[in-house]
Amino acid sequence: MSAESILTALLPDTAEVLDDDVLIGGVSLRHLAARYGTPLFVYDEVTLRARCAEAVAAFDDGVAFASKSFLCGEMARLAHDEGLCIDVATGGELDLVLRAGVPASRVIVHGNNKLPSELEHALEVGVHRIVVDNFDEIARLATLVSPEQPLDCLIRVTPGVEAHTHEFVRTGQEDTKFGFSLVSGDARRAIDELRAMAHVTLHGVHAHIGSQIFEMAGFEEEVKILVDFIAGEGFDELCVGGGLGVAYVAGESSKSLTQWGEAVRVATRAAGLDVAVRVTAEPGRAIVAQAGVTLYTVGAVKPVTQRTYMAVDGGMSDNPRPVLYGSGYEAFDVATPRAARTRSVRLVGRHCESGDVLIDTAWLPATTAVGSLIVTPVTGAYGYSMASNYNRVPRPAVIFVGGGAARLVLRRETFDDLARLEA
Ligand SMILES: *Cc1c(COP(=O)(O)O)cnc(C)c1O
């Protein structure tokens, strides 16, 4: 067996494959590695902006970027510039987005256990929406809202549709920590409670059925249930959540943000949703995943009886998804991107864990060796944002590229950064 040479479909939109290098945003990955070191996250600004613009066009105003997928000041500003609201789920995310200069009126606050201090801060600065998750939160909000600090909210409901990668199921139990159950009547009661409160405007409902979803059927089912539920309520907003899948490996293909928006629009019309109701969404992965790649340097190649282990200078601290979810990735040798990938190796990191695997079976050219520069595409989502300092490994730098230029947006962590918390 062997695998094709580099798969441009997995690379950012501006990628150019040369015989001995790959350019993104007109910038050489080999030069970036030499200048900034590895591991390194590289994001294509054109791809980021294009996906943001596509999301804005695909949904009504209020569509948001789910910042947990990748957040730094530059990303928050970019998404805001392109017309997206920003979803946050913690005080830390809210703080960063506000520091970045995004107006509070464009921020949506999520979370299944928002701290009293987080709710207070959100009301104080006047966020666009708080997405109310549970009755304890309603009780907490009741003590915090005032004429000066009114609440604009959605309620998060569980429509009983659980999307899996290639199919969806209706769950009778709605066994989840998120939101108000529709079937139990909790969602109905939450609406009544919020409507009885002064200084509260309940705009509508929100649901999020899962992540890395390839099939539109789950979203269509979700829309139908939500539209039926809110019939006659006079709401002005319905948010279908995030979850649109992206292709990570050869053979996968995903729907575009445009196709997703179209499927949702068709479903809302078919279900008879009032055209005055804004239909919004909150993609994360679909905005940032394909825009980002990670560069690693090979440091050790160890054949054992069963296979060859190839170790790079990063691992589960910069990409925990393979360990957490068994996610697949592809790897390419930057200096020989057109070479046939004839050798399979297990691409592993440098952490003290046998489970520290980046790619279980990675196909690389036979010439890839110690010192080779490896690129793993589609690492823009849930890589840096889930990065850890496990083994006290400093987190990589993040570079944005575009128009032939590179700029550092997050510098590489240092040992001094790691030492700063010692009391
Ligand atoms: C994680 C999350 C998203 C984004 O999910 P993606 O799969 O990255 O699109 C959107 N909404 C909510 C409520 C989430 O928890």
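The structure under discussion appears in the preceding block.
For clarity, every value in this text was computed on a predicted model and none was experimentally measured.

Novice: Help me understand the sheet that holds strand 2 (residues 22–24), please; the structure alone is not making it clear to me.
Specialist: The pairing of strands in a sheet happens through backbone hydrogen bonds and is either parallel or antiparallel. Strand order in the open sheet made by the three strands is 1-2-3, with antiparallel pairing throughout. Here the strands that pair on one side only, and so sit at the sheet edges, are strand 1 (16–17) and strand 3 (27–28). Examined bridge by bridge, strand 2 and strand 3 share two bridges and lie antiparallel to one another. Its bridge partner being in strand 3, L23 is matched across the sheet by S28.

Novice: Where do I start with the nonpolar core in this structure?
Specialist: Within soluble globular proteins, side chains that are nonpolar generally end up buried alongside one another. Within the largest apolar cluster, 126 residues are counted, with the highest numbers of intra-cluster contacts made by M75, I130, I155 and W260. Three or more residues apiece are contributed to this core by two domains, here domain 1 (8–44 + 290–419) and domain 2 (45–286). Residues within four places of I130 in sequence aside, it is in contact with V109, K114, L119, A122, L123, E137, L141, L151, D152, C153 and L154. A64, C85, I108 and V131 belong to the second-largest nonpolar core, a separate cluster that totals six residues.

Novice: Which parts of the structure should I look at to understand helix 3 (residues 73–81)?
Specialist: Since one α-helical turn is 3.6 residues long, residues separated by three or four positions face the same way. Looking at helix 3, one finds that the buried residues are G73, M75, A76, L78 and A79. Packed against the buried residues of helix 3 are helix 2 (45–58), strand 5 (64–66), strand 6 (85–88), helix 4 (91–99), helix 10 (285–288) and strand 22 (397–402). Taken from the residues just after helix 3, G83 is the one with a positive phi, measuring 100°.

Novice: Looking at this structure, I do not really get the state of the cysteines. What am I missing?
Specialist: What is meant by a disulfide is a covalent connection between two cysteines, made through their sulfur atoms. Under the criterion given, the structure shown has zero disulfides. The structure places no disulfide on C85, whose sulfur is separated from the nearest cysteine sulfur, that of C239, by 10 Å. Of the residues examined, C85 reaches a relative accessible area of 0% and is grouped as buried.

Novice: How should I be thinking about the site of the ligand in this particular structure?
Specialist: Residues in close proximity to the ligand total 14 residues, the closest being K68, S211, E282, R285 and Y382. Backbone polar atom of G284 to an oxygen atom of the ligand: 3.0 Å apart, as the coordinates give it. Notes on the ligand: free accessible area 390 Å², of which the protein chains cover 91%. Its residues assigned to classes, the shell around the ligand comprises three nonpolar, seven polar and four charged.

What counts, and at which threshold
- Residues take numbers from 1 onward in each chain, read along the sequence in its written order.
- Totals for whole chains, interfaces and linings use all residues, but because this is a predicted model, local features are given only for residues with pLDDT of at least 70 and pairs of side-chain atoms are given and counted only at 80 or more.
- To obtain the side-chain values, all non-hydrogen atoms of the structure were used and water was disregarded.
- Pairing between strands requires that DSSP locate at least two bridges from one strand to the other.
- Starting at the N terminus, helices and strands are each numbered in turn, a helix being any DSSP run of H or I of at least four residues and a strand any DSSP run of E of at least two.
- We define the nonpolar core as a collection of buried residues of types Ala, Val, Leu, Ile, Met, Phe, Trp, Tyr and Cys that are connected through side-chain atoms lying within 4.5 Å of one another.
- Classification of residues uses two cut-offs on accessible area relative to the type maximum, computed with a 1.4 Å probe and protein chains only: under 20% is buried, over 50% is exposed, and between them is partly exposed.
- What counts as a domain boundary in this text is fixed by an automatic or database domain assignment.
- The contact criterion used throughout is that any non-hydrogen atoms of two residues lie within 4.5 Å.
- Throughout, a disulfide means two cysteine sulfur atoms within 2.5 Å of one another.
- Nearness is judged by heavy atoms alone; a residue qualifies as near a molecule or strand once a single heavy atom is within 4 Å of it.
- Any pair of N or O atoms that falls within 3.5 Å is considered a polar contact. Within protein, one atom must be able to donate a hydrogen and the other to accept it, and sequence-neighbouring residues count only if both atoms are side-chain atoms.
- Under the convention used here, a 1.4 Å probe and the Shrake-Rupley method define accessible areas, while residue burial counts only the protein chains that appear.
- Under the grouping applied here, Gly and all other residues not named as nonpolar or charged are polar, the nonpolar ones being Ala, Val, Leu, Ile, Met, Phe, Trp, Tyr, Cys and Pro and the charged ones Asp, Glu, Lys and Arg.

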